[in-house]
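Spelled out from the first residue to the last, the chains are:
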Amino acid sequence: MTLFKLTTADENGLQPTKWAKESSPGQSRGLDPCDALGQRIGNDSPRVGVGSPPTPTRGENFGKYGLSTQGMADGGAHRHLACRLLSFVRYALGYVPMAFQAIFIRVSQLVPPAVALFLILVASVALAVQIRSERPVSAKTESSANTSKESRFPVQFTDITKQAGIRFTHNNGAFGKKFLPETMGAGCAFLDYNNDGWQDILLINGMDWRGHRRGPSYPALYRNNKNGTFTDVTREAGLAVEMYGMGVAVGDYDNDGFEDIYISCLGPGHLFRNLGNGKFVDVTQKAKISNSDFASSCAWLDYDRDGRLDLFICNYVQWSMETDIFCTLDGISKSYCTPESYKGASSRLYHNLGDGTFEDVTQKAGLLDPTSKSLGVAVLDCNNDGWPDLLIANDTQPNKLYVNNKNGTFSERGVTAGIAYSEDGTVRGAMGVDSGDYDGSGFASLVIGNFSNEMLNLYHNEGNGLFLDEAPTSTVGQASLLTLAFGCFFFDVDLDGKMDIFVADGHVETDINRVQKRVIYA
């Protein structure tokens, strides 16, 4: 675990990735459109698993788009010139719309090279003129005037983990078998568990696998010492309980004024009630919360607005040590399987009955879906009706948007809202998710982290039930195309009143670069 302190930047501070459409060519960190085309086409199947071939390069077979060596060679000079026109669009607009790239691909396949070249030229000029005309006249002048100011970021972070007294190492139990849960990591939370007005830290942990025990491992609760340091109080707080933990949600479910904890796990989760004296007690069985699936994220919400917090738990896939499947990248050694290898599992909603117990109302609320493979959840009010809705990020299954019907039930609107699939009509490896009003429109928009070669989704809430993905036409999409985003959230890093985005990247395979040269582990 690493703790960073936010400070002002010196002259070497770095400018974060911009995601405004108005970013100028000089500020853009995106790829050259011709490179992006080959990269986007050549990674049609970014997932790795049984029988997955290495990532193609330009000149090889490019899958669903039907391009091949022969297709690229036929009229290659014309197509290369047309591709360079995409570069013109990039420098004319500051970005290259992914939809425009897709159009180029289709046109170059369906018509003779000369005709394709002419059509692309006309479209390039027309699109550039249109977008340029919509920009404020002062934008370029202001950008030029502030070039020196934008060359460095005004704040930076300093790693203070060691001096803060935090000594924590996450244990995923790995011993060489490459079990699927090992790829997941675990959650963490800030909370004020003792009501002293200072934020404490809770870190979730895994454990060793059965038959390969190396020693106990527990979650870690660090009490804030109010002087920049923390003290490990896990044992005295009653949280030294072994579990293969995944996510965590903090909320006062019994309305006694003290924050309680739910930890989702591989297997039965744990509800810890805060006793108000610095200690917690496990009340999972007493509370009748019986989720024993492969859980991931979790969240508290008052979905029926009765004044009591209810609990939503994301479940991933049907996996166990006994049902583990052999997957490989190279045909020899075992690799981590993708979720396509396993059946899904429905997430669960537990209704707070107000007497310390909960009722499973998943089916009654219209949330039962055994095909989902859920990793992330965001509680939001997507239509500003005052009732909490749910956005579920699914891994290789359509994302779900459950709109609250205000009568204890939800309606699934993911497809009609535009967040279920990618712009190509395919599912993605969605993981982290958050909501926030990043443009001051008054409506909650969305950010979703996806697998490598899929880029982030930045869904703008149009206010009419629809969401439009702004990532492909902004630097957000260009900068995140190759990375695997496990977690993400909105926050205002420089306190300028505008929402920024933080993304935690990585990969499930340490040696992914052997088969996908552009993708790295960290």
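Every value quoted in this text rests on a predicted model; they were computed, and no experiment measured them.

What counts, and where the lines are drawn
Residues numbered from 1 in each chain as written. Predicted model: local features only at pLDDT ≥ 70, side-chain atom pairs only at ≥ 80, totals over all residues. Heavy atoms only, no water. Pairing = 2+ DSSP bridges. Helix = DSSP H or I, 4+ residues; strand = E, 2+ residues; numbered from the N terminus. Axes fitted to C-alpha atoms, helices over the stretch in contact; angles between N-to-C directions. Phe/Tyr/Trp six-rings, centres within 6.5 Å; stacked < 30°, edge-to-face > 60°. Buried < 20%, exposed > 50% of the residue type's maximum accessible area, 1.4 Å probe, protein only. Salt bridge = Lys/Arg side-chain N within 4 Å of Asp/Glu carboxyl O. Patch = residues over 30% accessible without salt bridge, like charges linked within 9 Å, V, L, I, M, F, W, Y side chains within 5 Å. Areas by Shrake-Rupley, 256 points an atom, 1.4 Å probe, with all protein chains shown as cover. Disulfide = S-S within 2.5 Å. Contact = heavy atoms within 4.5 Å. pLDDT = per-residue confidence, 0-100.

### Here's the deal with the sheet that holds strand β19 (residues 400-404)
If you trace the 4 strands from one edge of the open sheet to the other, you get β17-β18-β19-β20, paired in antiparallel fashion. Of all the strands in the sheet, the pair left with one neighbour each is β17 (374-380) and β20 (410-412). For this sheet, the mean inter-axis angle between neighbouring strands, taken without regard to orientation, is 20°.

### A look at the packing of aromatic side chains
Enumeration over the complete set of coordinates arrives at 15 aromatic pairs. Seen from their ring centres, Tyr253 and Trp300 are 6.0 Å apart, and the 5° between their planes marks the pair as stacked. Within this pair, whereas Tyr253 is found in the loop between β7 (245-251) and β8 (260-265), its partner Trp300 is found in strand β11 (residues 295-301), the two being separated by 47 residues in sequence. A residue is classified by how much of its surface remains accessible, and Trp300, at 11% relative accessible area, is buried. Clustering of aromatic rings is evident, with ring pairs tying together Phe175, Phe179, Trp209, Tyr244 and Trp319.

### Looking at the environment of Gly418
Position of Gly418 among the secondary structure elements: in the loop between α9 (414-417) and β21 (433-436). A residue is classified by how much of its surface remains accessible, and Gly418, at 33% relative accessible area, is partly exposed. The sequence separation of Gly418 and Tyr459 amounts to 41 residues, and the corresponding C-alpha distance is 8.7 Å.

### Some thoughts on the pattern of salt bridges
Here the structure, examined in full by the defined rule, presents 12 salt bridges. Note that Lys334 is salt-bridged to Asp324, the shortest N-O span being 3.3 Å. With Lys334 in strand β14 (residues 334-335) and Asp324 in the loop between β12 (310-315) and β13 (327-328), this residue pair connects regions lying 10 residues apart in the sequence. Its relative accessible area of 19% is what places Lys334 among the buried residues. For Asp324, a relative accessible area of 22% corresponds to the partly exposed category. Salt bridges sharing common partners tie together Asp254, Asp256 and Arg273.

### Regarding a nonpolar patch on the surface
Residues Val415, Tyr421 and Val427 make up a contiguous nonpolar surface patch of about 240 Å² in total accessible area. Note on placement: Val415 falls in helix α9. Judged by its relative accessible area of 56%, Val415 is exposed.

### So, the state of the cysteines
Under the criterion given, the structure shown has 1 disulfide. Between the sulfur atoms of Cys327 and its disulfide mate Cys337 the distance is 1.9 Å. Judged by the sign of its S-S torsion, about 100°, the bond between Cys327 and Cys337 is right-handed. Here Cys337 lies in the loop between β14 and β15 (348-352) and Cys327 lies in strand β13, a separation of 10 residues in the sequence. Each of the two residues, Cys327 as well as Cys337, counts as buried. You can see Cys265 has no disulfide; the closest cysteine sulfur is in Cys298, sitting 8.8 Å from it.

### As for the environment of Leu275
Within the secondary structure layout, Leu275 lies in the loop between β9 (267-274) and β10 (280-282). The sequence separation of Leu275 and Asp256 amounts to 19 residues, and the corresponding C-alpha distance is 9.1 Å.

### Topic: the sheet that holds strand β22 (residues 445-448)
Here 4 strands make up an open sheet; going across it, the order is β21-β22-β23-β24 and the pairing antiparallel. Whereas interior strands pair on both sides, the edge strands pair on one side only; in this sheet they are β21 and β24 (467-469). Direction aside, the axes of adjacent strands within the sheet are offset by 20° on average. Note: β22 against strand β23 (residues 457-461), 3 bridges, orientation antiparallel. Within β23, the position partnered with Leu446 by the bridge is Tyr459.

### Considering the side chain of Ser435
Mapped onto the secondary structure, Ser435 falls in strand β21. Discounting residues that sit within four places of it in the chain, Ser435 has contacts with Ala378, Val379, Leu380, Ala444, Ser445, Leu446 and Phe490.

### Things to note about the confidence of the model for the chain
The predicted model of the chain has a mean per-residue pLDDT of 79, with 69% of residues at 70 or higher. The low-confidence segment residues 86-98 (pLDDT under 50) makes 55 contacts with residues lying over four places distant or belonging to another chain. In the predicted structure, residues 134-150 sits below a pLDDT of 50 and forms 10 contacts with residues beyond four places in sequence or in another chain.

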